Amino acid sequence: MSSIAPTQPNPITHRLRVIWYILRTCISERLMYRADFALGTLFRFLPIVTTLFLWGAIFAVGTDHEETDIAGYSYRQMISYYLLAMLARAFSSMPGLASGIARQVRDGSIKKFLTQPIDMLSYLFWHRIAHKVVYYAVAAGPFALVFWLLRNYLPSWPGWTIFGAFLASLIMAFLIGFLIESLLGLISFWFLEVSSLLFIYMMFNYFLSGHMIPLDFLPPEILRVVQFFPFQYLAYVPPAIFLGKYTHPELVQLLLVEFAWIVALFVANRVAFKYGVRRYSAFGG
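Residues numbered from 1 in each chain as written. Predicted model: local features only at pLDDT ≥ 70, side-chain atom pairs only at ≥ 80, totals over all residues. Heavy atoms only, no water.

Another point: the packing of helix H5 (residues 97-107) against helix H8 (residues 160-186). Taken N-terminus to C-terminus, the directions of H5 and H8 make an angle of 25 degrees; their axes are 7 Å apart at the nearest point. Judged by the inter-axis angle, H5 sits roughly parallel to H8. Like other packed secondary-structure pairs, H5 and H8 cross with a definite hand, here right-handed. In contact with Leu 97, Ala 98, Ile 101 and Ala 102 of H5, H8 contributes Phe 178, Glu 181, Ser 182, Leu 184, Gly 185 and Leu 186. Tallied by class, the residues present in the contact of H5 with H8 amount to 7 nonpolar, 2 polar and 1 charged. (Axes fitted to C-alpha atoms, helices over the stretch in contact; angles between N-to-C directions. Helix = DSSP H or I, 4+ residues; strand = E, 2+ residues; numbered from the N terminus. Parallel < 35°, antiparallel > 145°, perpendicular 65-115°, else oblique. Left-handed = near helix turned anticlockwise from the far one by under 90°. Contact = heavy atoms within 4.5 Å. Nonpolar A, V, L, I, M, F, W, Y, C, P; charged D, E, K, R; others polar.)

Turning to the packing of aromatic side chains, a few remarks are in order. Here the structure, examined in full by the defined rule, presents 22 aromatic pairs. Between Trp 160 and Phe 163 the ring centres are 6.0 Å apart and the planes differ by 80 degrees, which places this aromatic pair in the edge-to-face class. Residue Trp 160 and its partner Phe 163 are located together in helix H8, separated by 3 residues, close to a single helical turn. Taking the centre distance of 5.1 Å and the plane angle of 70 degrees together, the rings of Phe 166 and Phe 242 count as edge-to-face. (Phe/Tyr/Trp six-rings, centres within 6.5 Å; stacked < 30°, edge-to-face > 60°.)

In this section: the nonpolar core. One finds Leu 83, Met 120, Phe 143, Leu 186, Tyr 236, Ile 241 and Tyr 246 to be the most contacted residues of the largest nonpolar core, which totals 75 residues. Take this core: its biggest share by element is 13 residues, from helix H4 (residues 75-92). (Core = buried A, V, L, I, M, F, W, Y, C linked by side-chain atoms within 4.5 Å. Buried < 20%, exposed > 50% of the residue type's maximum accessible area, 1.4 Å probe, protein only.)

Scanning all chains against the criterion turns up 1 salt bridge. For Asp 119, the salt bridge is made with Arg 270, and the minimal N-O distance between the two is 2.8 Å. Remark: Arg 270 occurs in helix H13 (residues 248-278) and Asp 119 occurs in the loop between helix H6 (111-115) and helix H7 (120-149); sequence separation between them is 151 residues. Overall, the relative accessible area of 29% leaves Arg 270 in the partly exposed class. (Salt bridge = Lys/Arg side-chain N within 4 Å of Asp/Glu carboxyl O.)

For Arg 103, the location among the structural elements is in helix H5. Put simply, Arg 103 and Glu 193 are 90 residues apart on the chain and 8.8 Å apart in space, counted from C-alpha to C-alpha.

Next up on the list: the side chain of Lys 132. Examined against the element boundaries, Lys 132 turns out to sit in helix H7. Despite its burial, Lys 132 pairs with no opposite charge; the closest candidate is Glu 181, at 9.7 Å N-O. At 2.7 Å, the side chain of Lys 132 forms a polar contact with the backbone oxygen of Ser 93. When sequence neighbours within four positions are dropped, the list of residues in contact with Lys 132 reads Ala 90, Phe 91, Ser 93, Met 94 and Phe 174. (Lys, Arg positive; Asp, Glu negative; His and termini not counted. Polar contact = N/O pair within 3.5 Å; in protein donor to acceptor, adjacent residues only side chain to side chain.)

What follows is about H5. Those residues of H5 that sit buried are Leu 97, Ala 98, Gly 100, Ile 101, Ala 102, Gln 104 and Val 105. Summarising the contacts, the buried residues of H5 are in contact with H6, H7, H8 and helix H9 (195-208). Note on H5: the residue one or two positions beyond its end, Gly 108, has a positive phi of about 90 degrees.

Turning to unusual backbone geometry, a few remarks are in order. With a phi close to 55 degrees, Ala 60 is a non-glycine residue in the positive phi region. Mapped onto the elements, Ala 60 comes out in the loop between helix H3 (47-58) and H4. One non-glycine residue with positive phi stands out, namely Ala 71, at about 55 degrees. Within the secondary structure, Ala 71 sits in the loop between H3 and H4.

Moving on, we come to a nonpolar patch on the surface. A cluster of nonpolar side chains, Trp 190, Phe 191, Phe 259, Val 263, Phe 266, Val 267, Val 271 and Tyr 275, forms an exposed patch at the surface whose accessible area comes to about 790 Å². In this structure, Trp 190 sits in the loop between H8 and H9. (Patch = residues over 30% accessible without salt bridge, like charges linked within 9 Å, V, L, I, M, F, W, Y side chains within 5 Å. Areas by Shrake-Rupley, 256 points an atom, 1.4 Å probe, with all protein chains shown as cover.)

Have a look at this one:
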């Protein structure tokens, strides 16, 4: 009597099932304090009012000395830039990711990823996807309201090519933001206390990403240096694409360089994790 060999599980199906469980669990965690999460999300839109008044004063809007152009931006374009940069930051910001990795290394809870068949970086990636899904679901209403109220400041439809490049830049901004933050967190394998490093990174990120001011305001010498770093893709590049700051050949080159940064940062993360685990000593319980 012949025996029937047990069916081997499909590795792709198994991986998809694991991803689904991670997403479902992490979304449930985020929704546990949904009122607090929604209120915090709403308050993040309040600085927009300050931005309107600030740049209105800088451009002297409504006075006899109103500025029509500053560093290639009109007042209308400046407000558009900040609205779109805010949207880009919603994709690229990774609050608590690097510090969370450092904390797990410090207290020893990272051992669960070393003893279970779950890749830590993959888990953190899908955990962050879950966070963004909840964030976008909560923030969709406020975003829509703000963009509708300020619709007169927004540029006209740029065409499907530019819009597609804009969406691609948002997705890649998410990937670059995640990979930079996770790489900073992995440094804790060598230095248990990385809070000072994270503070320095946050300051550089805020300024060099274009979140504080458009990078066009920087002197050409400094701008050429800044363009060698991936920070510009986190906040500046998506709105600059939508506002038509690049020609089509420049746009293709820009997106290819951005993709190259993603590949380089991914490899750096994998190398840092591989060698970090080798020298890791289990701290904590």
